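Spelled out, the chains give:
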Amino acid sequence: MNIQENISLKHYNTFGIDVKARFFVEIKGLAQLQKILELEAYPNRFVISGGSNMLLTKDINALVMHINLKGISIVDEDEDTVEIKVMAGENWHELVLWTLDHGYGGLENLSLIPGNTGTAPIQNIGAYGVELKDVFASCVAMEVDTGELVTFDHESCKFGYRDSIFKGEAKNKYIITSVNLKLTKKDHTLNTGYGAIEGELKKMGIVYPTIRNISDAVIAIRQSKLPDPEELGNSGSFFK
């Protein structure tokens, strides 16, 4: 268990703000997370994942826990659909690209959203006519007080517009460790009617779009509106 001191968080937030964590630990396994939560020497904790939904304005006098759980696996599938389990530390956009490489539909409209997968249910992320709840099956979260793993199904997450139980009654009580998503393997539902997608597809000369084409269109639209966080710090679009 490697707890470091006075670590810069510049590379752990998409604004690139150079504040320091008094203590810092990278979480790579569930057993490690449980042990960290049991430590009485660090009563003040601050959880960070992709760092895309926060603006850090000062040094953090706490144990900053960077959730970096990795892995994508198939848990169930049939001829038409597939359910995948995604660990919380997986980058969201890289996950979208992974699903496209495998021919799985459902996430293409959510391309290029910054952040990691574990925080997606908290915000019920959405873009261009699609929300996480449209493909969400369940998630597993560790209860902070007990270290126990709890499964939340679609109903228990109480999804709303950029909202969920994790922003309400369950706020700060759980750390999401993995998310299960149900995607299509064929006969994909294509959402092209929102925003500028149809116009972008026409500009690309595409009449019969694939899920990859829709992703490319969304990426082009987002890149035209927002700078690359690697070049100019930002946290994507936000308006609530």
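Shown above is the structure to which this text applies.
This write-up is about the structure you can find in this document. As the structure is a computational prediction, the values presented were derived from the model and not from experiment.

**A word on the packing of aromatic side chains**
Part 1 of the argument: Evaluation of the coordinates by the stated rule reveals seven aromatic pairs.
Part 2 of the argument: A centroid spacing of 4.9 Å and a plane angle of 65 degrees characterise the contact between Phe152 and Phe166, whose relative ring orientation is edge-to-face. Taken together, the residues span a long stretch of sequence, with Phe152 in strand 10 (residues 149-153) and Phe166 in the loop between strand 10 and strand 11 (174-184) at a distance of 14 residues. Considered together, Phe152 and Phe166 belong to a single accessibility category, that of buried residues.

**Details of the side chain of His66**
Part 1 of the argument: Tracing the backbone shows His66 in strand 4 (residues 60-67).
Part 2 of the argument: Look at His66 and you get buried, because its relative accessible area is 8%.
Part 3 of the argument: At a separation of 3.2 Å, a polar atom in the side chain of His66 contacts the side chain of Glu26.

**So, the layout of surface pockets**
Part 1 of the argument: Within this model, the second largest pocket holds a volume of roughly 760 Å³.
Part 2 of the argument: What lines the second largest pocket is a set of 27 residues, and nearest its centre among them are Thr14, Pro114, Asp228, Pro229 and Glu230.
Part 3 of the argument: By residue class, the composition of the lining of the second largest pocket is seven nonpolar, 15 polar and five charged.

**Description of the sheet that holds strand 6 (residues 81-87)**
Part 1 of the argument: If you trace the five strands from one edge of the open sheet to the other, you get 5-6-11-9-10, paired in antiparallel fashion. Here the strands that pair on one side only, and so sit at the sheet edges, are strand 5 (72-77) and strand 10. Averaged over all pairs of adjacent strands, the angle between strand axes in this sheet comes to 25 degrees, irrespective of strand direction.
Part 2 of the argument: Two strands pair when backbone bridges link them, and strand 9 (residues 136-143) and strand 10 are joined in this way by five bridges, in the antiparallel orientation. Within the sheet, the bridge partner assigned to Ser138 lies in strand 10 and is Asp153.
Part 3 of the argument: Those strands touched by helix 1 (residues 30-38) are strand 9, strand 10 and strand 11, and its axis lies near 40 degrees from that of strand 9.
Part 4 of the argument: Sheet strands touched by helix 2 (residues 92-101): strand 5, strand 6 and strand 11. Its angle to strand 6, the strand with the most contacts, is close to 150 degrees.

**Brief notes about unusual backbone geometry**
Part 1 of the argument: The backbone of Asn124 shows a phi angle near 45 degrees, a positive value even though the residue is not glycine.
Part 2 of the argument: Assignment of secondary structure puts Asn124 in the loop between helix 3 (120-123) and strand 7 (126-127).
Part 3 of the argument: The phi angle at Asn172 is positive, at roughly 65 degrees, despite the residue not being glycine.
Part 4 of the argument: Along the chain, Asn172 turns up in the loop between strand 10 and strand 11.

**Considering helix 1**
Part 1 of the argument: Within the span of helix 1, buried status applies to Leu33, Ile36 and Leu37. Considered in projection along helix 1, the buried side chains sweep an arc of 95 degrees and stay on one side of the axis.
Part 2 of the argument: On its buried side, helix 1 packs onto strand 2 (20-27), strand 3 (45-48), strand 4, strand 9 and strand 11.

**What about the side chain of Asn213?**
Part 1 of the argument: Counting through the fold element by element, Asn213 comes out in helix 5 (residues 211-225).
Part 2 of the argument: Those residues in contact with Asn213 that lie beyond four places of it in its chain are Leu201, Met204, Ile206 and Tyr208.

**So, the sheet that holds strand 3**
Part 1 of the argument: Across the sheet, four strands lie side by side as 1-2-4-3; this open sheet has mixed pairing. Sheet topology places strand 1 (4-8) and strand 3 at the edges, where each strand pairs with a single neighbour. Direction aside, the axes of adjacent strands within the sheet are offset by 45 degrees on average.
Part 2 of the argument: Relative to strand 2, strand 1 runs antiparallel, the two sharing four bridges. Across the sheet, Glu5 pairs through a bridge with Phe23, a residue of strand 2.
Part 3 of the argument: Along the sheet face, helix 1 touches strand 2, strand 3 and strand 4 and points at about 145 degrees away from the line of strand 2.

**Some remarks on the nonpolar core**
Part 1 of the argument: Counting 38 residues, the largest nonpolar core has Trp92, Leu107, Cys139, Phe166, Leu181 and Leu183 as its most contacted members.
Part 2 of the argument: Listing elements by their share of this core, those giving two or more residues are strand 6, helix 2, strand 9, strand 11, helix 4 (197-203) and helix 5.
Part 3 of the argument: Contacts of Phe166, omitting those with residues within four sequence positions, involve Pro121, Ile122, Cys139, Phe152, Cys157, Lys171, Tyr174 and Ile176.
Part 4 of the argument: If you look at the next biggest cluster of nonpolar residues, it comprises 16 residues, including Met65, Met87, Met142 and Val144.

Calculation rules
- Residues numbered from 1 in each chain as written.
- Predicted model: local features only at pLDDT ≥ 70, side-chain atom pairs only at ≥ 80, totals over all residues.
- Heavy atoms only, no water.
- Phe/Tyr/Trp six-rings, centres within 6.5 Å; stacked < 30°, edge-to-face > 60°.
- Helix = DSSP H or I, 4+ residues; strand = E, 2+ residues; numbered from the N terminus.
- Buried < 20%, exposed > 50% of the residue type's maximum accessible area, 1.4 Å probe, protein only.
- Polar contact = N/O pair within 3.5 Å; in protein donor to acceptor, adjacent residues only side chain to side chain.
- 1 Å grid on protein atoms, 1.4 Å probe; cavity = no way out; pocket = protein on both sides within 12 Å on 5 of 7 lines; lining within 4 Å.
- Points joined across faces, edges and corners; volume = space filled by probe spheres on them.
- Nonpolar A, V, L, I, M, F, W, Y, C, P; charged D, E, K, R; others polar.
- Pairing = 2+ DSSP bridges.
- Axes fitted to C-alpha atoms, helices over the stretch in contact; angles between N-to-C directions.
- Contact = heavy atoms within 4.5 Å.
- Arc of directions from axis to C-beta.
- Core = buried A, V, L, I, M, F, W, Y, C linked by side-chain atoms within 4.5 Å.

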